[in-house]
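Below are the chains, spelled out letter by letter.
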Amino acid sequence: MSLIFSRLVTPLIASVSLVLPTSLWAADRMAGATPVAVTEVVSGLDEPWAIDFLPEGGVLISEIDGRLLLVQNGAVTVVKGTPEVWKSGQGGLLDIMIPRDFSESREVFLSYSKPMRGGAGTALGVGRLEGDRLVDFHDLFVMAEGSRKGQHFGSRIVEATDGTIFLTVGERGERDAAQDKTRANGSVLRINRDGTIPADNPFLNDDALPALWSYGHRNPQGAALDGQGQLWVNEHGPQGGDEINLVAKGANYGWPLTSYGENYGGGRFAPQTLEGTEPPAHQWTPSIAPSGYAIYEGDLFPELKGKHLIGSLKFDYISVMDPASWQEEQWSWPETGRVRDIALAPDGAIWFLSVGEGAAYRIAPRD
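Throughout what follows, the structure given in this document is the object of discussion.

Turning next to the overall build of the protein. For the protein, the count of helices and strands is two helices and 27 strands. Every one of the 367 residues in the protein was classed for burial, and the buried ones make up 57%. Sequence separation of 24 or more characterises 54% of the internal contacts of the protein that already satisfy a separation of 6 or more. Accessible surface, the protein as shown: approximately 14300 Å² in total, 49% of it carbon and sulfur. In the protein, 30 positive and 47 negative side-chain charges are present, and the distance between their average locations comes to 5 Å.

Strand order across the open sheet formed by four strands is β13-β14-β15-β16, with antiparallel pairing between neighbours. The sheet terminates laterally at β13 (154-159) and β16 (212-215), the two strands that pair on one side only. The mean inter-strand angle of the sheet, taken between neighbouring strand axes irrespective of direction, is 15 degrees. In the sheet, β13 pairs with strand β14 (residues 165-169) via four bridges, with the strands oriented antiparallel. Along β14, the bridge assignment pairs Gly154 with Val169.

Moving on, we get to the packing of aromatic side chains. Counting across every chain of the model gives ten aromatic pairs. Taking 5.9 Å as the distance between ring centres and 85 degrees as the angle between the ring planes, the aromatic pair formed by Tyr296 and Phe301 counts as edge-to-face. With a relative accessible area of 1%, Phe301 lands in the buried category. Ring geometry for Phe352 and Tyr361: centres 5.2 Å apart, planes at 20 degrees, overall stacked. By the burial criterion, Phe352 is buried, and Tyr361 matches it.

Let's shift gears to the sheet that holds strand β24 (residues 328-331). Within the open sheet, the four strands sit side by side as β21-β22-β23-β24. Their pairing is antiparallel. Both edges of this open sheet fall to β21 (290-295) and β24, since each of them pairs with a single strand only. In this sheet, adjacent strand axes meet at a mean angle of 25 degrees when their direction is disregarded. Bridging between strand β22 (residues 308-312) and strand β23 (residues 317-321) involves five bridges; their strand directions are antiparallel. In the sheet register, Ser312 faces β23, and the bridge partner there is Tyr317.

Moving on, we get to the side chain of Ser62. With respect to the secondary-structure elements, Ser62 resides in strand β6 (residues 59-63). Sequence-distant contacts of Ser62, defined by excluding residues within four places in its chain, comprise Glu47, Pro48, Trp49, Ala50, Arg67, Leu68, Leu93, Leu94 and Ile96.

For the bond from Trp255 to Pro256, the omega torsion is 0 degrees, close enough to zero to count as cis. Secondary-structure assignment places Pro256 in the loop between β19 (242-246) and β20 (282-284). Cis geometry is found at the peptide bond from Thr285 to Pro286, where omega equals 5 degrees. Tracing the chain through its elements places Pro286 in the loop between β20 and β21.

Counting residues in each nonpolar core, the largest one holds 24 residues, and the members touching the most others are Leu60, Leu68, Ile96, Val108, Leu110 and Leu134. Broken down by secondary-structure element, the contributors of at least two residues to this core are β5 (48-53), β7 (68-72), β9 (93-97), β10 (107-116), β11 (119-130) and β12 (133-142). Contacts of Leu110, omitting those with residues within four sequence positions, involve Leu68, Thr82, Pro83, Leu93, Asp95, Ile96, Ala123, Leu124, Gly125, Leu134, Phe137 and Ile157. Formed by 20 residues, the second largest nonpolar core is a distinct cluster that contains Leu124, Ile191, Leu209 and Tyr215.

Note on placement: Pro365 falls in strand β27 (residues 359-365). In this structure Pro365 comes out as partly exposed when scored by relative accessible area, which is 28%. When the C-alpha positions of Pro365 and Leu140 are compared, they lie 40 Å apart, and in sequence the two are 225 residues distant. For Pro365, the residues in contact, after removing those within four places along its chain, are Pro35, Val36, Ala37, Leu300 and Phe301.

Where a strand is regular, its side chains alternate between the two sheet faces. Of all five residues in β19, four are buried; the element is thus mostly enclosed. Strand direction decides the pairing type here: strand β18 (residues 231-235) and β19, joined by four bridges, are antiparallel. Directly across from Trp232, in β19, lies its bridge partner Leu246. In this structure, the hairpin formed by β18 and β19 is closed by a connection of six residues, where Gly240 is found at a positive phi of approximately 90 degrees. Of the strand pairs in this sheet, β19 and β20 are connected by three bridges, and their pairing is antiparallel. Residue pairing across strands places Glu243 opposite Gln283, the latter belonging to β20.

The rules we used
Residues numbered from 1 in each chain as written. Predicted model: local features only at pLDDT ≥ 70, side-chain atom pairs only at ≥ 80, totals over all residues. Heavy atoms only, no water. Helix = DSSP H or I, 4+ residues; strand = E, 2+ residues; numbered from the N terminus. Buried < 20%, exposed > 50% of the residue type's maximum accessible area, 1.4 Å probe, protein only. Contact = heavy atoms within 4.5 Å. Areas by Shrake-Rupley, 256 points an atom, 1.4 Å probe, with all protein chains shown as cover. Lys, Arg positive; Asp, Glu negative; His and termini not counted. Charge placed at Lys NZ, Arg CZ, Asp CG, Glu CD. Pairing = 2+ DSSP bridges. Axes fitted to C-alpha atoms, helices over the stretch in contact; angles between N-to-C directions. Phe/Tyr/Trp six-rings, centres within 6.5 Å; stacked < 30°, edge-to-face > 60°. Core = buried A, V, L, I, M, F, W, Y, C linked by side-chain atoms within 4.5 Å.

By themselves, these are just geometric observations and shouldn't be taken as functional.
Listed below in structure tokens is the structure:
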């Protein structure tokens, strides 16, 4: 049996509307040579942004307008105690990260666009999930300078193998700020879970932001660890030049000094490569608008081990790539409209959020 959850028009709770056999709700699709069932699990979502799994069962889903949804035990509940967000353009409630020790800590990490003087900036906070409420939610990191521009918040959260936290931050539409190491714009940050700074961060002895891990990014909207614990990000280029980058400690990824993309409307503004900056592991031209990132390490799809799965907001597909060649396979189905996030479930299934369909889907091999 497969549960289909639908949103009710109420600020507090949405509940199960239908429970029907999987065969009526799981579309037959092909993922490469593998027949798969693509099952709608939650429908009626309003611009969903991120999804993560609770160890006791159930999921959390964020919607950009500020709602955090708890999907568990046959109900969809709006979680109380979430932060106020600046909803404008690409800003709002963004990523979710449930840490490995959630069963003991009950902590949930959220990134969001925080209202502040001058507009808004990317922020990272944490609270404890108790029932349907986040308790003692507080910020761990907030950008120092706000902007009224509605783009490029970045905002993916990844728990590193050592328990520290990576946060991606977009350059907020200010190109040159991505090369300013005193600012968070266009960077990957690394902090401890209590908001303090790890003693081995690369720029502690420089005139730089202590949380800075890497810089020269544009708008990293996907981030994931591989089986070796290495951090990968995908990021939006301008007109062309979307990138995949393997993130190294202290590295400069070049934006806007180097890019495979062009100005909107045409015309190059930077060389494709530049000494002293890291070239992308892969780039897309034309742009696919990548968002969401998962590196498959489950058991349901042995043929996907180590492959990278990335959503396309522009061309409505899931990109599947082997990092040995970066040859792209595209999973393009009616359900893959503006794929915002991809996540691996504890059972090895692949879940994704479609903004176009306003739904969360589960992909599993077809029986």
